[in-house]
Amino acid sequence: MSLKKSEILYKEALKDIEIRNYNKAASAIYFSIRRELEDAVLKIQNYIPRRDDKLANVLKHLGFEEESELFMDLYELRKKADYLNENVSKDEVLSALKKYEKILSAIKRLNTST
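Just so we're clear, the structure is a prediction, and the values are computed from it rather than from any experiment. (Residues numbered from 1 in each chain as written. Predicted model: local features only at pLDDT ≥ 70, side-chain atom pairs only at ≥ 80, totals over all residues. Heavy atoms only, no water.)

Digging into the packing of helix α4 (residues 65-83) against helix α5 (residues 90-113)
At their nearest, the axes of α4 and α5 sit 9 Å apart, and the two run at 140° to each other. As far as their axial angle goes, α5 and α4 are oblique. Read as a crossing pair, α4 and α5 show a hand that is left-handed. Residue-level inspection shows Glu66, Glu67, Leu70, Phe71, Asp73, Leu74, Leu77 and Lys80 of α4 in contact with α5, the latter providing Glu92, Ala96, Lys99, Tyr100, Lys102, Ile103, Ala106 and Arg109. Partitioning the contact of α4 with α5 into residue classes produces 8 nonpolar, no polar and 8 charged. (Axes fitted to C-alpha atoms, helices over the stretch in contact; angles between N-to-C directions. Helix = DSSP H or I, 4+ residues; strand = E, 2+ residues; numbered from the N terminus. Parallel < 35°, antiparallel > 145°, perpendicular 65-115°, else oblique. Left-handed = near helix turned anticlockwise from the far one by under 90°. Contact = heavy atoms within 4.5 Å. Nonpolar A, V, L, I, M, F, W, Y, C, P; charged D, E, K, R; others polar.)

Quick notes on the packing of aromatic side chains
Counted under the stated rule, the structure contains 4 aromatic pairs. Measuring from centroid to centroid gives 4.5 Å for Tyr10 and Tyr100, while their planes differ by 15°, and the two rings are stacked. Here Tyr10 is found in helix α1 (residues 5-18), whereas its partner Tyr100 is found in helix α5, with 90 residues between them in sequence. Judged by relative accessible area, Tyr10 falls into the buried class, the value being 18%. Aromatic ring contacts, followed pair by pair, group Tyr30, Phe31, Phe71 and Tyr75 into a single cluster. (Phe/Tyr/Trp six-rings, centres within 6.5 Å; stacked < 30°, edge-to-face > 60°. Buried < 20%, exposed > 50% of the residue type's maximum accessible area, 1.4 Å probe, protein only.)

What follows is the structure in structure tokens.
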């Protein structure tokens with residue numbers, strides 16, 4: 001059985017953290033959780049919002065307001081990693097992992113209720 005794309009991205013993020021590639025890890029963490037959320041949303045509705053804030057709003061309207069905000073935090077960190085002159089720190093990426101786990105837990109609860 002092959003891994004889902006989201007699982008591959010998460011494993012890559014963990015490897016990137018080990019070798020101190022924090023920018024790459026932050027981006028992979030975001031895209032991993034985005035893919036998980038997109039898969040969950042497709043089970044509920046037949047389209048995925050393209051904009052990140054709209055995707056977060058779906059999560060919010062399903063009763064996961066805190067996780068919606070955490071998702072947007074990961075999005076902002078990804079923008080920092082990919083576009084800004086600043087680098088993502090080890091502390092930021094470790095915090096991102098915690099946010100990822102909290103969002104993933106909400107998505108799993110959502111998947112079991114649909």
